[in-house]
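Residue-level listing of the chains:
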Amino acid sequence: MSLDAKVPAGPIADKWDNYKNTTRLVNPANKRKYTVIVVGTGLAGGSAAATLGELGYNVKAFTILDSPRRAHSIAAQGGINAAKNYPNDGDSIWRLFYDTVKGGDYRSREANVYRLAQISNTIIDQCVAQGVPFAREYGGLLDNRSFGGAQVSRTFYARGQTGQQLLLGAYQAMSRQIEAGQVEMFSRREMLDLVIEDGRATGIVARNLVDGKIERHSADAVLLCTGGYGNVYYLSTNAKNSNVTAAWRCYKRGAYFANPCFTQIHPTCIPVSGDYQSKLTLMSESLRNDGRVWVPKNAGDTRRPQDIPEDERDYYLERRYPSFGNLVPRDVASRAAKKETDAGRGVGETQLAVYLDFADSINRLGRDTIEARYGNLFEMYQRITDENPYEVPMRIFPAVHYTMGGLWVDYELQSTVPGLFVLGEANYSDHGANRLGASALMQGLADGYFVIPYTLGNYLAGITPGTAGDVSGEAFRSAEEEATDRIQKLLNVNGSRTIMDFHRSLGKLVWDHIGMARNADGLRLAMDEIRDLREQFWQDVRVPGENSTYNKSLEFAGRVADFLELGELMARDALEREESCGGHFREEYTSPEGEAMRRDDEFAYSAAWEFNGTPRDAGLHKEQLEFENVKLTTRSYK
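Owing to the predicted nature of the structure, the values given are computational and were not obtained by experimental measurement.

Enquirer: Help me understand the overall build of the protein chain, please; the structure alone is not making it clear to me.
Expert: Tallying secondary structure elements over the protein chain gives 17 helices and 19 strands in all. Taken against the 2.2 N^0.38 rule, which gives 26 Å for 638 residues, the C-alpha radius of gyration of the protein chain at 24 Å falls within 12% of a compact globule. When its C-alpha atoms are laid out on the principal axes, the protein chain stretches across 75 × 60 × 50 Å. Within the protein chain, the fraction of its 638 residues that count as buried is 62%. When the accessible surface of the protein chain is totalled, it reaches about 23,500 Å², and 46% of it is carbon and sulfur. Of note, the protein chain has its 74 positive side-chain charges centred 2 Å away from the centre of its 84 negative side-chain charges.

Enquirer: Hey, could you run me through the nonpolar core in this one?
Expert: Grouped burial of nonpolar side chains is what soluble globular proteins tend to show. Ranked by internal contacts, the top residues of the largest apolar core, which has 153 residues, are Ile80, Leu223, Leu224 and Leu420. If one sorts the elements of this core by residue count, helix H16 (residues 552-576) sits on top with 12 residues. Looking at this core, you find at least three residues from each of domain 1 (265-401) and domain 2 (476-599). Dropping the residues within four chain positions of it, Leu420 is found in contact with Leu194, Ala201, Val222, Leu224, Cys250, Ala255, Leu413, Gln414 and Ser415. Membership of the second largest hydrophobic core comes to 27 residues, among which are Val293, Leu377, Tyr381 and Tyr637.

Enquirer: I keep staring at the pairing of strand S8 (residues 214-218) and nothing clicks. Help me out?
Expert: Looking along a regular strand, one sees side chains alternate from face to face of the sheet. Burial analysis of S8 places 4 of its 5 residues in the buried class, the great majority of the element. Taken together, the 5 bridges between strand S7 (residues 200-208) and S8 define a ladder with antiparallel strand orientation. The residue bridging Arg207 from the neighbouring strand is Ile214, located in S8. Counting the residues that bridge the hairpin from S7 to S8 gives 5 residues, and of these Gly212 lies at a positive phi of roughly 80 degrees.

Enquirer: Can you walk me through the layout of surface pockets in this structure?
Expert: Empty space among the atoms can be located by rolling a probe the size of a water molecule over them. Taken as a whole, the second largest pocket spans an internal volume of roughly 730 Å³. In terms of lining, the second largest pocket is formed by 32 residues, of which the most central are Leu235, Val272, Lys508, Trp511 and Asp512. The set of elements that each furnish at least two residues to the lining of the second largest pocket consists of helix H9 (330-342), strand S15 (394-403) and helix H14 (499-513). No other element matches the 6 residues that H14 contributes to the lining of the second largest pocket. In terms of residue class, the lining of the second largest pocket is made up of 15 nonpolar, 9 polar and 8 charged. Both domain 1 (265-401) and domain 2 (476-599) contribute no fewer than three residues apiece to the lining of the second largest pocket.

Enquirer: In this structure, what is going on with the sheet that holds strand S6 (residues 189-197)? I would like to understand it.
Expert: One open sheet accounts for 3 strands, arranged S6-S7-S8; its pairing is antiparallel. The sheet terminates laterally at S6 and S8, the two strands that pair on one side only. When the angles between neighbouring strand axes are averaged without regard to direction, this sheet yields 25 degrees.

Enquirer: Can you walk me through empty space enclosed by the protein in this structure?
Expert: Counted according to the given criterion, the structure contains 6 cavities of 30 Å³ or more. Approximately 160 Å³ is the volume found for the largest cavity. Along the wall of the largest cavity there are 14 residues; nearest its centre are Leu192, Arg486, Ile487, Leu554 and Gly558. Elements represented by at least two residues in the lining of the largest cavity include exactly S6, helix H7 (245-252), helix H13 (474-493) and H16.

Enquirer: Explain the sheet that holds S15 here, please?
Expert: Strand pairing in a sheet takes place through backbone hydrogen bonds and is either antiparallel or parallel in direction. In space, the 5 strands of this open sheet follow the order S11-S15-S14-S12-S13, with antiparallel pairing throughout. The open sheet has two free edges, formed respectively by strand S11 (263-269) and strand S13 (313-314), since each of these has just one partner strand. Judged from the 5 bridges that link them, S11 and S15 form a sheet pairing that is antiparallel. Bridging from a neighbouring strand, Ile265 pairs with Val400 of S15.

Enquirer: Is there a simple way to think about the domain arrangement of the protein chain in this case?
Expert: Looking at the assigned domains, one finds that the protein chain contains domain 1 (265-401) and domain 2 (476-599). On a C-alpha basis, the centroid separation for the pair domain 1 and domain 2 is 30 Å. Facing the 11 residues of domain 1 at the interface are 10 residues of domain 2. In terms of surface lost to domain 2, no three residues of domain 1 exceed Ile265, Arg335 and Lys338, which account for 52% of the buried area on that side. At the boundary of domain 1 with domain 2, the tally comes to 2 residue pairs in polar contact (both at pLDDT 80 or more). Elements that contribute at least two residues to the side of domain 1 that touches domain 2 include exactly H9 and S15. Per element, the largest residue contribution to the side of domain 1 that touches domain 2 is 5 residues, and it comes from H9. A breakdown of the residues in the side of domain 1 that touches domain 2 according to their chemical character gives 5 nonpolar, 1 polar and 5 charged.

Enquirer: I keep staring at the pairing of strand S2 (residues 58-62) and nothing clicks. Help me out?
Expert: For S2, the tally of buried residues reaches 4 of 5 residues, placing the bulk of the element in the interior. Note that strand S1 (residues 35-39) and S2 share 5 bridges and pair parallel. Pairing of Val38 across the sheet is with Ala61, part of S2. One crossover worth recording links S1 to the parallel S2 by way of helix H3 (residues 43-55), and it is right-handed. Note that S2 and strand S5 (residues 183-186) share 4 bridges and pair parallel. Each bridged residue has a counterpart across the sheet, and for Lys60 the counterpart in S5 is Glu184.

Enquirer: Help me understand the pattern of salt bridges, please; the structure alone is not making it clear to me.
Expert: A side chain of one charge can pair with a side chain of the opposite charge if their charged atoms are brought near each other. Per the counting criterion, the structure on display carries 57 salt bridges. Its salt-bridge partner being Asp105, residue Arg598 comes within 2.9 Å of it at the nearest N-O pair. Of this pair, Arg598 sits in the loop between H16 and helix H17 (600-603) while Asp105 sits in the loop between helix H4 (93-103) and helix H5 (110-130), and the two are 493 residues apart along the sequence. Note on Arg598: relative accessible area 14%, which makes it buried. The partner of Asp193 in a salt bridge is Arg253, and the shortest N-O contact between them spans 2.7 Å. With Asp193 in strand S6 and Arg253 in the loop between H7 and strand S10 (257-258), this pair connects stretches of sequence that are 60 residues apart. Accessibility expressed as a relative area gives 5% for Asp193, which makes it buried. For Arg253, a relative accessible area of 30% puts it in the partly exposed group. Via salt bridges that share partners, Asp105, Arg107, Asp331, Arg335, Arg577, Glu579, Arg598, Asp600 and Arg635 belong to a single interconnected network.

Enquirer: I'm lost on the packing of helix H1 (residues 15-22) against helix H12 (residues 440-460) in this one. Help?
Expert: Between two packed helices, what matters for the description is the angle formed by their axes and the separation of those axes. One way to put it is that H1 packs onto H12 with a least axis distance of 10 Å and a crossing angle of 40 degrees. Taken together, the axis directions place H1 and H12 in an arrangement best described as oblique. Seen from above, H1 lies across H12 with left-handed handedness. In this structure, H1 contributes Trp16, Tyr19 and Lys20 to the contact, and H12 contributes Phe450, Val451, Tyr454, Thr455 and Asn458.

What counts, and where the lines are drawn
- Residues numbered from 1 in each chain as written.
- Predicted model: local features only at pLDDT ≥ 70, side-chain atom pairs only at ≥ 80, totals over all residues.
- Heavy atoms only, no water.
- Helix = DSSP H or I, 4+ residues; strand = E, 2+ residues; numbered from the N terminus.
- Rg over C-alpha atoms; globule rule 2.2 N^0.38 Å.
- Buried < 20%, exposed > 50% of the residue type's maximum accessible area, 1.4 Å probe, protein only.
- Areas by Shrake-Rupley, 256 points an atom, 1.4 Å probe, with all protein chains shown as cover.
- Lys, Arg positive; Asp, Glu negative; His and termini not counted.
- Charge placed at Lys NZ, Arg CZ, Asp CG, Glu CD.
- Core = buried A, V, L, I, M, F, W, Y, C linked by side-chain atoms within 4.5 Å.
- Domains from an automatic or database assignment.
- Contact = heavy atoms within 4.5 Å.
- Pairing = 2+ DSSP bridges.
- 1 Å grid on protein atoms, 1.4 Å probe; cavity = no way out; pocket = protein on both sides within 12 Å on 5 of 7 lines; lining within 4 Å.
- Points joined across faces, edges and corners; volume = space filled by probe spheres on them.
- Nonpolar A, V, L, I, M, F, W, Y, C, P; charged D, E, K, R; others polar.
- Axes fitted to C-alpha atoms, helices over the stretch in contact; angles between N-to-C directions.
- Buried area = accessible area lost by both parts, 1.4 Å probe.
- Polar contact = N/O pair within 3.5 Å; in protein donor to acceptor, adjacent residues only side chain to side chain.
- Right-handed = clockwise from strand over helix to strand, strands pointing away.
- Salt bridge = Lys/Arg side-chain N within 4 Å of Asp/Glu carboxyl O.
- Parallel < 35°, antiparallel > 145°, perpendicular 65-115°, else oblique.
- Left-handed = near helix turned anticlockwise from the far one by under 90°.

And the structure:
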């Protein structure tokens, strides 16, 4: 299958308008004849369900959680980007577009990114109208702060809980449609398979996580909004429920998986403190606005930070990247922290940490100002570490956070399976090899509120109403049977090793070999060892309990089984890409200064993998990236 991105003709500033002006529409009276399934109710799914319900479509919304308010979108604390230029510091739609393409190290599709920048301003208006309590200046105007990878202040925020407040806005909009009967909410349901009939997606098979019953749901189209796959690393900033299962089921049904090796390591996280941990805690990139990152100049210096004089501190980001300082993009800051700790200048008990110091900002602005900006983040840090960041520097270190890879989609957000649309972090389309901070919330809401209503309508206009899949038909029966057999297979192994033990072993493999730095030998080793671990899993995993009851072990077993396949595909993708770009850092391809070195002549493409049985047999398809508006240059923040 050739990859058709369906990018509209015309100048880049006109493409989205050209698309909207020529797209097919669904008559308002006909919208009530269509049913749409939305899997996932975070920012992308919640905003899509609310908007499509408001338009008159019948929506079935599914979440693995007890409430959409618990979606992982709430964890995005720092802010959301938009090009409104309220500070009058030179921002524009073009500059947001350029910063995003550059921040992704020129590995994203220009047309999608420009559309995202265009829509950004409308998102803020929508959320303000919903009552989202964005921070405001003294005069009442919305406030902005800076984030990494930009020299302007374009990030709107609600203290340190922006994701939560935006999610509440989407949730209340969706709740209105639930009350109106346009959205039917299915809580504690996990999608186990995608149903395809006549070459298009017509429904899903889901498991009721409370009683174990398998359910069949048909629709005219399926929207996948299930987030990223960072938990493949075991330790990450993601909620423990975050997983790849729904996307992986779609991949096995024919949806190509794009750039799986593009994962983001966030530099501002609470460091690992012991083997007992099951996840890590994000401390928000917004903190680098006022915090200064440093390490002792002398390796092995174990003095308390307040006892180390200024002339014996290395503010290495400010020294190395004077134009951006502490606000370099995440991939750059993460590798810089690794370089310092590898040289023996790490701090704390494990020596795998650097300092994030607010002393200068507190002295300059006052504690009250810092508390107003970051109070809840400081409180969270103190509760976890028992250290007061107003008095001593935070200790931070990189951790797995976001995944830029995901299911391949065209300009319409449609996958290679007709009728299957993918929104938010579950798709690969906007961030290239590295996501700029405060852009995840922007993409999720842009896709849900403003893109999918047009592109889905264009698809449904060609589908006869009332032709959704028959839940009693062979396709649904077969999908349910396969899902049931897989569950029973997990329960029948009855081995000796726990699910967590396998997951932890997988996490160590992918962190060591597909983490902040990668090389060919390590990636080949990872492919072999992940395959061996997967074979051991199916021979020796122990899944207690039964299928006919609430069983968290069974849930996690299915998700780890999918991670064990995804991990090998990540290694394969990383091995194939013989260059360094953004979050994909191959040690063999570095500049003399130790920076990432792209190879645009061979690798200016998105890799889309087709399922062919096993990860190492996956078929590679390439979408060549055309840069007509941005010049391919060496990314520099110096």
